[in-house]
Amino acid sequence: MKFKDYYETLGVARGATEADIKSAYRKLARKYHPDVNKEKDAEERFKEVGEAYAVLKDTEKRAAYDQMGSNWKSGQDFTPPPNWNEGFEFSDGGFGGGGYEGDQSEFFESLFGRGKHRQGGRGGHSRQDQSMHFKGQDHHAKILIDLVDAYNGAKRTIALHMPTLDISGHVTTQERKLDVSIPKGIKAGQNLRLSGQGGPGMGEGGAGDLYLEIDFHPNPIYRVDGKDVYLDLPLAPWEVALGTTVKVPTPAGTTLELTIPANTIAGRKMRLKGKGIPSKEPGDLYVVTIIATPPADTDTQKEAYQAFEKAFEFNPRTHLKG
Amino acid sequence: MTQTNITWIEGAIVENEIHMSIVELSQAASTSEELIMAWVTEGVLSPTGSSPQDWRFGGDSLSRTKTAVRLSRDLEINTPGLALALQLLDQISDLRAQLVRIGNSSKG
């Protein structure tokens, strides 16, 4: 296990006041909040910052953490000294900080134990009234699919990791496999509702629902904007000048013949109507022309470019008046 | 290889097919009906229907409400602040979509 320097995480000095710690936390929480920051490591950073704040904002936890001394460095191998927290009394058993619940690091848990985990994962609130019937909690998960699955529909077996409370009150992660049919036409950011696949109900309330938020694996060829799909199509200078017919792959896995008219310019957007993500009103596939110029390496190639130059009186910089 | 019959679970695309009542939305986004009402008043959510009992939230409301729940909880922002944050996030997402349309030339 690695030591975590919570002061370093928040970027404050060990002697920082509560107000300093709070404002440093707030600033970083806004910066790394996963709804605001789309960088890959944002969620991870947001959790780290939340964990650091949970310790440092709490006088008791901070005092206990401080008495381990200031010689530890972040990332150093760490085992809590025996009885390290002897004489400290924690008024709450668990994790009280900002951030998503149930995501404390091993380091945090070794010091402060596992928090009281709220039912149903992050953001869940559980109702405790025993005499009532309640529908089970709705659960949420994110899954990544391929663009082609949105075109053709797909059947996927997905593994979900669910934190659950065991009889002794400890949080364990259970893996659950679901065989899900991905409907044709689903788009990134949309949610698929699987009725009755959420948490169990109470009394005569039925089970909750499971919502799967869909996102696409990054695709090296296509860009997706809602139901429209974009493809950059590189063409040689003679192809755009003289016109040609090229084969264009579609995300559905088919191939289309596309006619490039003579004197096509770079950046021209050709719309293939209805070839975007299918739905009642299907999206479009846009093919954007790019001109790829081959390097002149051999003498023959250099001569070809020179002949090219001679044949045109072409100044691409007339508008610069240079 | 043994052949097993798998029952594939069919789901409904929330954004296309589902309209939620305030009760369903509060259950699905794990938040209170009171907060949802406050967000409707602020214009964060725009259901159809004239009174909370008749409100029907379009499918897009679910992810918007989930974002609202997370932002207001994690950053302790009040309702007007939340409305502004969501409006700015919408603008950013429009700009990102523009970048997608422009493609390589934007990456330099």
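For the structure, check the block above.
What counts and what doesn't
- Residues numbered from 1 in each chain as written.
- Chains lettered and ligands numbered in written order.
- Predicted model: local features only at pLDDT ≥ 70, side-chain atom pairs only at ≥ 80, totals over all residues.
- Helix = DSSP H or I, 4+ residues; strand = E, 2+ residues; numbered from the N terminus.
- Buried ≥ 20, exposed ≤ 12 C-beta atoms within 10 Å, placed from the backbone.
- Contact = placed C-beta atoms within 7 Å.
- Axes fitted to C-alpha atoms, helices over the stretch in contact; angles between N-to-C directions.
- Parallel < 35°, antiparallel > 145°, perpendicular 65-115°, else oblique.
- Left-handed = near helix turned anticlockwise from the far one by under 90°.
- Pairing = 2+ DSSP bridges.
- Nonpolar A, V, L, I, M, F, W, Y, C, P; charged D, E, K, R; others polar.
- Core = buried A, V, L, I, M, F, W, Y, C linked by C-beta atoms within 7 Å.
- Domains from an automatic or database assignment.

Points about the overall build of chain A
When helices and strands are counted, chain A shows eight helices and 11 strands. Counting every position in chain A, which comprises 322 residues, the buried fraction comes to 26%. Long-range contacts, defined as pairs at least 24 residues apart, comprise 57% of the intrachain contacts of chain A with a sequence gap of at least 6.

Examining the packing of helix α2 (residues 18–32) of chain A against helix α3 (residues 42–56) of chain A
Residues and elements named next belong to chain A. At their nearest, the axes of α2 and α3 sit 9 Å apart, and the two run at 165 degrees to each other. Judged by the inter-axis angle, α2 sits roughly antiparallel to α3. For the pair α2 and α3, the sense of crossing is left-handed. Across the interface between the two elements, Ile21, Tyr25, Leu28, Ala29 and Tyr32 of α2 pack against Ala42, Arg45, Phe46, Val49, Tyr53 and Leu56 of α3.

What to know about the sheet that holds strand β1 (residues 139–145) of chain A
Read from one edge to the other, the open sheet built from four strands follows the order β1(A)-β5(A)-β4(A)-β2(B), with strand pairing classed as mixed. Two strands bound the open sheet, and with one partner strand each, they are β1 of chain A together with β2 (12–13) of chain B.

Observations regarding the interface of chain A and chain B
It is common to give the size of an interface as the accessible area that goes away when the parts come together. Chain A puts 33 residues into the contact, and the matching count from chain B is 29 residues. Counting only elements with at least two residues in the side of chain A that touches chain B, the list comes to α2, β3 (171–182), β4 (191–194), β5 (210–216), β6 (222–225) and β7 (228–235) of chain A. Split by residue class, the side of chain A that touches chain B holds 11 nonpolar, 11 polar and 11 charged. When β3 of chain A meets strand β1 (residues 9–10) of chain B, the two strands line up parallel, connected through two bridges. Paired with Val180 of chain A across the two strands is Ile9 of chain B, which belongs to β1 of chain B.

Comments concerning the nonpolar core
Counting 40 residues, the largest nonpolar core has Ala150 and Val229 of chain A together with Leu25, Ala28, Val44, Ala68 and Leu82 of chain B as its most contacted members. In terms of residues, this core owes the most to one element, β5 of chain A, which gives five residues. Taken together, domain 2 (139–216) and domain 3 (222–311) of chain A each give at least three residues to this core, which thus spans both. Setting aside its immediate chain neighbours within four residues, Val44 of chain B contacts Trp39, Ala68, Leu82, Ala83 and Leu86 of chain B. In this structure, Tyr7, Val49, Ala54 and Ala64 of chain A belong to the second largest nonpolar core, which totals 18 residues.

So, unusual backbone geometry
Residue and element names in this part refer to chain B. Even without being a glycine, Ser30 presents a positive backbone phi close to 50 degrees. Non-glycine residue Glu76 carries a positive phi angle of around 50 degrees. Residue placement: Glu76 occurs in the loop between α4 (60–74) and α5 (79–102).

Topic: the environment of Ser110 of chain A
Locating Ser110 of chain A in the fold gives a position in helix α5 (residues 106–112). Taking C-alpha positions, Ser110 of chain A is 68 Å from Gly243 of chain A, a pair spaced 133 residues apart along the chain.

Quick word on the environment of Ala28 of chain B
By secondary structure assignment, the location of Ala28 of chain B is in helix α2 (residues 22–28). Residues Ala28 of chain B and Gln87 of chain B lie 59 residues apart in sequence; the distance between their C-alpha atoms is 22 Å. Those residues in contact with Ala28 of chain B, other than ones at most four positions away along the chain, are Asp138, Asp209 and Tyr211 of chain A together with Met20 and Leu62 of chain B.

Things to note about the sheet that holds strand β11 (residues 285–291) of chain A
Pairing is mixed in the open sheet, where four strands are placed in the order β6-β7-β11-β10 (chain A). Each having just a single partner strand, β6 and β10 (269–272) of chain A make up the two edges of the open sheet. Pairs of neighbouring strands in the sheet enclose a mean axial angle of 25 degrees, with direction left out of account. Looking at chain direction, β7 of chain A and β11 of chain A are connected through seven bridges and run parallel. Looking across to β11 of chain A, one finds that Pro234 of chain A is bridged to Ile290 of chain A. Sitting on the sheet, α5 of chain B touches β6 and β7 of chain A, and the angle it makes with β6 of chain A is about 150 degrees.

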